[in-house]
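Structural characterization, general
Residues per chain are reported as follows:
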Amino acid sequence: RGGARHLTRSAAAFVTLSDAQPDRFQLGASDVPSGEAIVRDGAVHPAQGSLHGHVVATSRLWTGTSDDARTLGADRDPLLLGARLRSVCAVPIVSRTRVLGVLVVGRREPRLYDQDDITFLTHLSNQVAIVLDSAVACAELRELKLRLAHEKVDRDDEIPGEVNFKDIVGQSAA
């Protein structure tokens, strides 16, 4: 397999997504060894006390050990705790206007991520941002189409079927 987890020799990889409420995040996708469902995809977690919260707040990549993450205040991160990760790289997924989420990879040994890994993960997060931006744009377009269709139906209901302009204007001597 050629996923980010395998290419970076990681034990786990996650994509976290910013929630509509800024104090929460959702697990969008995970790649963990089979039989190790750490956190179910779609689960919503508090951003405070997590690497997701830190990376979104700073809009900056973070890499280090799990001990380093605890000093940041990411001591309640369900991804780090559940996967028993000892070294982590968390890369913001940035659109044109905001941080959409975070790409997180981690290892169970304390070997830090090198510059090649960080470069690869940064490029990957840029590609994920493009996909997420497109998905958001498609959803917004679908919503607009539905709203326009409803407004058209409402306007059609307001227009009378037969209009007799002679009765409205009246008779003219001209």
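Data block above holds the structure.
In this report, the structure presented in the accompanying data block is examined. In this text, all values refer to a predicted model and were calculated from it rather than measured experimentally. (Residues numbered from 1 in each chain as written. Predicted model: local features only at pLDDT ≥ 70, side-chain atom pairs only at ≥ 80, totals over all residues. Heavy atoms only, no water.)

This part takes up the nonpolar core. If you look at the biggest cluster of nonpolar residues, it comprises 18 residues, and the most contacted ones within it are Phe14, Leu51, Leu85 and Val88. Those elements giving two or more residues to this core turn out to be strand 1 (12-18), helix 2 (51-58), helix 4 (78-83), strand 5 (87-94) and strand 6 (99-107). Counting residues per element, this core draws most heavily on helix 4, at three residues. Among the nonpolar cores identified, the runner-up in size contains 13 residues, and Ala13, Leu100, Leu121 and Ala129 belong to it. (Core = buried A, V, L, I, M, F, W, Y, C linked by side-chain atoms within 4.5 Å. Buried < 20%, exposed > 50% of the residue type's maximum accessible area, 1.4 Å probe, protein only. Helix = DSSP H or I, 4+ residues; strand = E, 2+ residues; numbered from the N terminus.)

Here we come to the packing of aromatic side chains. Scanning all chains against the criterion turns up zero aromatic pairs. Arg107 extends its terminal NZ or CZ atom over the ring of Tyr113, reaching a point 3.8 Å from the ring centre. (Phe/Tyr/Trp six-rings, centres within 6.5 Å; stacked < 30°, edge-to-face > 60°. Lys NZ or Arg CZ within 6 Å of the ring centre and 35° of its normal.)

We now examine the pattern of salt bridges. Considering all chains together, one arrives at seven salt bridges under this definition. Arg24 serves as the salt-bridge partner of Asp19, at 2.9 Å between the closest nitrogen and oxygen. Judged by relative accessible area, which is 19%, Asp19 ranks as buried. Under the relative-accessibility criterion, Arg24 is labelled partly exposed at 31%. Here Arg147 and Glu143 are joined by a salt bridge, their closest N and O atoms 3.2 Å apart. Pair noted here: Arg147 and Glu143 are both in helix 5 (residues 115-158), with a separation of four residues, about one helical turn. Among the charged side chains, a salt-bridge network with shared partners connects Arg9, Arg107 and Asp117. (Salt bridge = Lys/Arg side-chain N within 4 Å of Asp/Glu carboxyl O.)

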